[in-house]
Amino acid sequence: MRIDPDGLLRLARDLAGRGRGRPPDVDLRRGVSTAYYALFHDITALAVEHALPSAPEAAKSQVRRTWSHSDIAWAAHTVKERAQILRHNAAAPLSKEGRRWGPLVDLVAKDAEMAEAARLFLELQEQRHAADYDHRASFDKASLLSACQDAETARAALRAATTSAADAFWTLLLVRRPDLRGR
Amino acid sequence: MSESDYAANMAAADAEDEMLDEAIEELQRALGDLAAEAPDRGLAPEFDVHVSVGAEDQLVLVVEVKVALDEEFAASDWPSDEIAALKQRVREVVRGTPADQYDWFVSLQTKAGAAA
């Protein structure tokens with residue numbers, strides 16, 4: 001059974017409740033965290049479909065499991081930083097680190113949808129970190145629904161990107177991993 | 001570490017702190033201008049910026065957006081389009097300031113929830 005991003009996002013919204021009233025703090029925190037996980041698992045699902053479209057489901061699940069939060073954050077951060085630089089100077093040369101990945105970083109960073117998805121992933125990851133670990137952070141129904149909305153926007157952006165930009169991002173996630181051992 | 005290296009490190013750290021303070025001040029001014037604009041008056045957004053520690057132990061700026069919604073609003077009354085537009089404008093504002101060189105995220109709450 002695969003982890004279903006749609007189901008996670010539905011659960012996150014359900015944790016906001018349907019009627020009036022303030023949901024329990026634990027529901028709000030779990031909801032924000034779950035909205036992030038919906039995006040995280042969506043990214044690994046899309047990445048493995050790119051790499052191994054015809055592989056058995058078990059093999060796909062095994063590969064999905066190899067990506068850590070840091071792996072995806074690294075790729076998202078690389079794209080976000082490059083997109084920032086390109087906004088100020090479209091002809092700016094790649095950094096030494098960026099050049100390691102050939103054309104991949106620029107293929108992704110020049111695509112506005114992919115750059116937005118990368119940004120939102122990083123924002124949601126920080127919110128998830130606060131929801132899961134920061135006792136002083138406060139959340140309300142608006143925080144949770146806003147996080148769900150961001151996760152949905154990011155997922156839509158991943159699908160609205162050009163095929164070459166999306167392919168480059170999935171490839172970037174794959175080539176940076178030193179191995180595909182399960183975690 | 002020699003005394004001169006120590007002094008140089010301290011000076012560099014002070015310069016970084018000063019740059020961060022200036023970036024936050026400039027962002028707060030830009031967000032103040034946004035709050036004064038008419039189109040979002042329904043949500044009457046208020047903004048605050050503070051520094052936190054991120055998931056990778058890095059410095060992260062939290063851009064708090066507090067909106068005028070009843071904290072206990074029904075989920076069906078969630079003004080998703082207005083909120084999406086507001087957050088988009090906040091993000092554009094951040095991108096237009098030196099604060100964009102730091103990690104940051106937008107945190108949205110109702111004014112009542114933020115005060116709780």
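Heads up: the structure comes first, above all this text.
Draft legend 1. Quick look at the side chain of Arg95 of chain B. Here Arg95 of chain B shows up in helix α2 (residues 80-95). Residues in contact with Arg95 of chain B, not counting those within four places in the same chain, are Arg87, Glu116 and Arg119 of chain A together with Gln88, Asp100 and Trp104 of chain B.

Draft legend 2. Structural context of the interface of chain B and chain A. Between chain B and chain A, the residue contacts involve 34 residues of the former and 28 residues of the latter. Across the chain B to chain A interface the summed buried area is about 2700 Å²; carbon plus sulfur atoms make up 40%. The largest per-residue losses of area from chain B upon contact with chain A belong to Glu72, Arg95 and Phe105 of chain B, which jointly make up 20% of the total buried on that side. Between the two partners, chain B and chain A, sit eight salt bridges. With a shortest N-O distance of 3.0 Å, Arg91 of chain B and Asp150 of chain A are connected by a salt bridge. In this assembly, chain B and chain A are joined by 22 residue pairs in polar contact (both at pLDDT 80 or more). With eight residues, α2 of chain B is the largest single contributor of residues to the side of chain B that touches chain A.

Draft legend 3. Representation of the pattern of salt bridges. Residues and elements named next belong to chain A. For the structure on display, the rule yields 29 salt bridges over all chains. Residue Arg155 is joined to Asp42 by a salt bridge in which the shortest nitrogen-to-oxygen separation is 2.8 Å. Highlighted residues: Arg155 in helix α8 (residues 141-160) and Asp42 in helix α2 (residues 25-51), separated in sequence by 113 residues. Look at Asp42 and you get buried, because its relative accessible area is 3%. A salt bridge links Arg136 to Asp134; its shortest N-O distance comes to 3.7 Å. Its relative accessible area of 77% is what places Arg136 among the exposed residues.

Draft legend 4. Structural view of the nonpolar core. Formed by 86 residues in total, the largest nonpolar core has its most connected members in Ile43, Phe121, Phe169 and Leu173 of chain A together with Leu31 and Val90 of chain B. Apart from residues lying up to four places away in sequence, Phe169 of chain A is in contact with Ile43, Ala75, Ala76, Val79, Val108 and Met114 of chain A.

Draft legend 5. Here's a closer look at the packing of aromatic side chains. By the definition in use, this model includes seven aromatic pairs over all chains. Pairing Tyr36 of chain A with Phe40 of chain A gives two aromatic rings, centres 6.2 Å apart and planes at 35 degrees, and the pair type is tilted. Here Tyr36 of chain A pairs with Phe40 of chain A, and both are found in helix α2, just four residues apart, close to one helical turn. An aromatic cluster of at least three residues, connected via ring pairs, comprises Tyr36, Tyr37, Phe40 and Phe121 of chain A. Above the ring of Phe73 of chain B, the side-chain terminus of Lys141 of chain A is found at 5.3 Å from the ring centroid.

Draft legend 6. The arrangement of a negative patch on the surface in detail. Together, Asp14, Glu16, Asp17, Glu18, Asp21, Glu22, Glu25 and Glu26 of chain B give the surface a local cluster of negative charge. The topology assignment puts Glu22 of chain B in helix α1 (residues 3-36).

Calculation criteria
Residues numbered from 1 in each chain as written. Chains lettered and ligands numbered in written order. Predicted model: local features only at pLDDT ≥ 70, side-chain atom pairs only at ≥ 80, totals over all residues. Heavy atoms only, no water. Helix = DSSP H or I, 4+ residues; strand = E, 2+ residues; numbered from the N terminus. Contact = heavy atoms within 4.5 Å. Buried area = accessible area lost by both parts, 1.4 Å probe. Salt bridge = Lys/Arg side-chain N within 4 Å of Asp/Glu carboxyl O. Polar contact = N/O pair within 3.5 Å; in protein donor to acceptor, adjacent residues only side chain to side chain. Buried < 20%, exposed > 50% of the residue type's maximum accessible area, 1.4 Å probe, protein only. Core = buried A, V, L, I, M, F, W, Y, C linked by side-chain atoms within 4.5 Å. Phe/Tyr/Trp six-rings, centres within 6.5 Å; stacked < 30°, edge-to-face > 60°. Lys NZ or Arg CZ within 6 Å of the ring centre and 35° of its normal. Patch = residues over 30% accessible without salt bridge, like charges linked within 9 Å, V, L, I, M, F, W, Y side chains within 5 Å. Areas by Shrake-Rupley, 256 points an atom, 1.4 Å probe, with all protein chains shown as cover. Lys, Arg positive; Asp, Glu negative; His and termini not counted. Charge placed at Lys NZ, Arg CZ, Asp CG, Glu CD.

Remember, this is a structural readout, not a statement about activity or role.
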